Amino acid sequence: MKSIYNSNWIESEHDLADKAVVFSKEFTANGNIIHAELQITSFGVYEAHVNGKRVGDFILAPGWTNYRKRLQFQTYDITGLIGCSNLIEVSVGKGWLMHYKDDLSAALIAAIEIDYDSGEKDVIFTDESWSVSLSKIQYSNIYNGDIYDAAFVDERPTFAVIKNMDKKMLIEQQGEKIVEVEKLPVKKIFSTPQGDICIDFGQNMTGYVEFKICGKKGEEAVIYHAETLDSDGNFYTANLRSAKQEIRFICDGRPHTYKPIHSFQGFRYIKLENWSDEIKAENFKAIVVHSDIKRTGYFMCSDELINKLYSNIIWGQKGNFLDVPTDCPQRDERLGWTGDAQVFIRTASLNFDVNKFFEKWLSDLSSCQNADGGVPHVIPDLQWKDDSSSGWADSAVICPWQLYLTYGNKKVLAQQFDSMCKWVNYIRSHSNNFLWDTGRHFADWLCLDENDKGDKHATPVELISTAYFSYSTSLLIKAGRVLGLDMSEYETLLSNIKRAFRKAYLDKDGRVICNTQTGCALTIYFDLSSDKQAAARQLNELVTECGHLKTGFLGTPYLLHALSENGYVKTAYDLLLRREYPSWLYSVTMGATTVWEHWDSLKPDGTMWSTSMNSFNHYAYGAVGDWMYSVAAGINIDENSPGFKHIIFKPLTDKRLSFVKASILTKYGEVKSSWQREGGLVKYSFTVPAACTAAIHVGGGAKFVSGGTYEFKEEIK
Ligand code: BGC
């Protein structure tokens, strides 16, 4: 067992509120060191230094888990950092602990193991011999930012107090660490019409600004962060709601380079206030931080706006994958909303390797799950009274299944299977005659077919809930079969749900009675119709009649698939390529660099959707990325041979694009697909990794191949 389990929780005797503190300890090593390691974690977020050198590169360690039951600790090799006399200093700020009100307070636990060549070993534990001083970081808050006083020195450090607290929640690092990924230079320094001095980094992103400053002693320079400017070109922060996102730096007359260590912001622009120092571009860098997930997917085509949309999807993922898949990184939420995560996971899993990232989040999901199987709206949960919305809580089933499909991860199905069953059983016990018609649900959140008051969606909530009841049950059955279990009980349940669904929501011709795009898309994609073609025809009519999409969070991911899988390829491309509002490309034409929360976060006349809920970095609608990979480029997973062991290539082309190419790095190697339309021909190229097989669907019929690169030509009819 790791030494950390024998160590002590320590805290400061003062009530720290939002101040950061530094725990420190001098220690000696008595012999020739062959190995030294630091095992450490905190309630709050920490950054450790040994002899003035940063330990590791984990930003906002130890990350965010269900702190009531699970807290990750990290193990760092510090052999190269220590000598005979040593000093360890650990800064601890509140971080995500701010969500836990009074039931948890900032604390540290650590153990330093030193192995000597004599075979002896020293272990240094956190205890009351560690001292605690107030940090120069006088205030630090995930939503509000920092106040840093460069001149401050705590003249009266105290000794740490041992905190009597359970260590059962300590677990080894399970997820990916959060790291600094890249530094963006200043794109433009400018004055707004209101006279503010601002900097544009050219990209909406998540992280913080590193800046150089040398102000007069006592002077407080301020940096404000914003995602966008308003229609007059002024700095706009109303959409942050109560999150201040500001860095206040109190100067001491000397030069400094500063960046926050316990907070992060979502921004593209900054505004400088009280900046007596000369404002030079080389003094400011925007540092992008996110979980250390490896990029796996690439997509490119002949339409520059689509390429920009794809780039915005990638940036949306970077900005919202900070240990937890969040809704947005800027306003006073930044929470692991389950619905957003499930609609985006398929795209996310192709863009980047998120296997470990989601395994950890799913462990939190099951540890937050209620005894009756209900699933909180956000994971880690905040103990809200409300929970278990359809389409949100279904994350419990959809996310593990996606990890199985994309990565062939059978282990996660075993790990999550109880949680998956509990969720389906929860729905079963809250349904009546196989219709899920109870509870409170977000329904087709932010769809465009609401009534005038915006409070009632045209797709009935019960239809959506019952559709998800069916979908989750169907995935649970598949997962159970993969694990070799008898799923007959759920097979019977599934046929009962489908029968009830058809009776309640479809007419005798197989058309969806509510007559909405989302109603049709869910019916088709979740295989609920006895006559898929009838529902697809209806969907095609609905889209072509109004000329655009009307779907919200739940209908959007399936809309294009429901059309293209049933012969309406052109209509699907019409939606993808449309530039006017509402569409994916509308935001691109308005200058977006990330995916917006609303189809019209910024309206054509330059006004904002609202101040109350208007994020410019919300990945949910970026779920269309999956269609770009799997239909436009035609790279598909075979669920009977997941992880791309067997690939199904089935690109569907459109004359408005002259080429498409995409690649996905799988554990077997790179899968590639491309096509180009030229002189009456479509030329295709497919690459299959050596350990894989593939079925290539072009020119009618399928060709079965093993590893290699294959080229085909087909005449355009
Ligand atoms: C979040 C969403 C989330 C929703 C629930 C919002 O405030 O930002 O993305 O899914 O609440 O409907």
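Before reading further, recall that the structure is shown in the block above.
Here goes a summary of the coordinates provided. Remember, it's a predicted structure, so these values are computed and weren't measured experimentally.

With that settled, consider helix α6 (residues 461-482). The end-to-end C-alpha separation of α6 is 32 Å, in line with the 32 Å expected for 22 residues at 1.5 Å each. The buried count for α6 comes to 17 of 22 residues, which makes it a mostly enclosed element. Positioned one or two residues after α6, Gly484 has a phi angle of 75 degrees, which is positive.

Near the ligand you find Asp327, Arg331, Glu333, Trp337, Asp340, Trp392, Phe442, Trp445, Phe553, Glu597 and His618, and these make up its full shell. A distance of 2.7 Å separates an oxygen atom of the ligand from a polar side-chain atom of Asp327. In the model, an oxygen atom of the ligand is placed 2.7 Å from a nitrogen or oxygen of the Arg331 side chain. Bound to the protein, the ligand loses 95% of the 310 Å² it would expose on its own. Grouping the amino acids of the shell around the ligand by side-chain chemistry returns five nonpolar, one polar and five charged.

If you trace the backbone, Asn540 turns up in helix α9 (residues 532-546). Setting aside residues no more than four positions away along its own chain, Asn540 makes contact with Leu563, Tyr568 and Thr571.

Adjacent strands of a sheet pair through backbone hydrogen bonds, lying either parallel or antiparallel. As summarised here, the arrangement of the six strands in space is β5-β4-β7-β2-β10-β13, forming an open sheet in which the pairing is antiparallel. Two strands lie at the open edges of the sheet, namely β5 (53-54) and β13 (158-159), each paired on one side alone. Across two bridges, strand β10 (residues 131-134) lies against β13 in antiparallel orientation. Looking at the pairing, Val132 lines up with Thr158 of β13.

This paragraph deals with empty space enclosed by the protein. Applying the stated rule across the entire model yields two cavities of 30 Å³ or more. Volume-wise, the largest cavity comes out at about 70 Å³. Lining the largest cavity are Leu309, Ser583, Trp584, Ser587, Val595, Trp596, His598, Trp599 and Tyr621. For the lining of the largest cavity, the residue count by class is six nonpolar, three polar and no charged. Across the lining of the second largest cavity, the residue classes break down as six nonpolar, three polar and one charged.

With that out of the way, let us pick up helix α3 (residues 355-368). Here α3 spans 20 Å end to end across 14 residues, near enough to the 20 Å set by a 1.5 Å rise per residue. Counting buried positions along α3 yields twelve of 14 residues, so the element is predominantly enclosed.

What follows is about the packing of helix α2 (residues 338-351) against helix α4 (residues 395-407). Relative orientation of the contacting elements α2 and α4 amounts to 5 degrees, with a least axis distance of 9 Å. The angle between α2 and α4 places the two elements in the roughly parallel class. Contact residues: Thr338, Ala341, Gln342, Ile345, Arg346, Ser349 and Leu350 in α2; Ser395, Ile398, Cys399, Gln402, Leu403, Thr406 and Tyr407 in α4. Here the contact of α2 with α4 is composed, by residue class, of seven nonpolar, six polar and one charged.

With that out of the way, let us pick up the packing of aromatic side chains. Under the definition given, this model contains 48 aromatic pairs. With a centroid separation of 5.5 Å and an interplanar angle of 65 degrees, the aromatic rings of Phe249 and Tyr258 are classed as edge-to-face. Here Phe249 and Tyr258 have matching classes, each one buried. Both rings, one in Phe686 and one in Phe712, keep their centres 6.1 Å apart while their planes meet at 55 degrees; by these two values the pair is tilted. Here Phe686, found in strand β35 (residues 681-696), pairs with Phe712, found in strand β36 (residues 703-715); they are 26 residues apart in sequence, far enough to count as distant. In this structure Phe686 comes out as buried when scored by relative accessible area, which is 0%. Joined through ring pairs, the aromatic side chains of Trp337, Trp384, Trp392, Phe442, Trp445, Phe553, Trp584, Trp599 and Tyr621 make up one cluster. Sitting over the face of the ring of Phe190, Lys188 holds its NZ or CZ atom 4.9 Å from the ring centroid. A cation over an aromatic ring shows up here: Lys318 above the ring of Trp315, its NZ or CZ 3.8 Å from the ring centre.

So, how was this worked out
Residue numbers restart at each chain and count upward from 1, following the sequence in its written direction. This being a predicted model, a pLDDT of at least 70 is required before a residue's local features are given, and a value of 80 or more before pairs of side-chain atoms are given or counted; all residues contribute to the totals for chains, interfaces and linings. Only hydrogens and water are set aside; all other atoms, that is, all heavy atoms of the structure, feed into the side-chain values. Where helices and strands are cited, they refer to DSSP runs of H or I of at least four residues and of E of at least two residues respectively, numbered from the N terminus. Given the number of residues in a helix, its expected span is that number minus one, multiplied by 1.5 Å. Buried means the residue's accessible area, taken with a 1.4 Å probe over protein chains only, is under 20% of the maximum for its type, while exposed means over 50%, and partly exposed covers the values in between. When we say a residue is near a molecule or strand, we mean one of its heavy atoms is within 4 Å of it. Pairs of N or O atoms within 3.5 Å make up the polar contacts considered here, provided that, within protein, one atom can donate a hydrogen while the other can accept it, and that residues adjacent in sequence are counted only when both atoms are side-chain atoms. Only the protein chains shown count as cover for residues, and the accessible areas themselves come from Shrake-Rupley with a 1.4 Å probe. Each residue is assigned to one of three groups, with Ala, Val, Leu, Ile, Met, Phe, Trp, Tyr, Cys and Pro labelled nonpolar, Asp, Glu, Lys and Arg labelled charged, and all others, Gly among them, labelled polar. Throughout, a residue-residue contact means that at least one pair of heavy atoms, one from each residue, lies within 4.5 Å. Here, strands pair whenever DSSP counts at least two bridges between them. Every definition here rests on a 1 Å grid over the protein atoms only: cavities are sets of points where a 1.4 Å probe fits but cannot get out, pockets are open sets enclosed by protein on both sides within 12 Å along at least five of seven lines, and lining residues have some atom within 4 Å of a point. Grid points are joined across faces, edges and corners, and a volume is the space filled by probe spheres set on the points. Lines are fitted to the C-alpha atoms to define the axes, a helix being fitted only along its stretch in contact, and any angle between axes, read from their N-to-C directions, falls within 0 to 180 degrees. By the definition adopted for this analysis, an angle is roughly parallel if under 35 degrees, roughly antiparallel if over 145, roughly perpendicular if from 65 to 115, and oblique otherwise. Think of it this way: a Phe, Tyr or Trp ring, Trp meaning its six-membered ring, pairs with another when their centres are within 6.5 Å, and the plane angle makes it stacked under 30 degrees, edge-to-face over 60, tilted otherwise. Counting as a charge over the ring demands two things of the Lys NZ or Arg CZ atom: a distance within 6 Å of the ring centre and an angle within 35 degrees of the ring normal.

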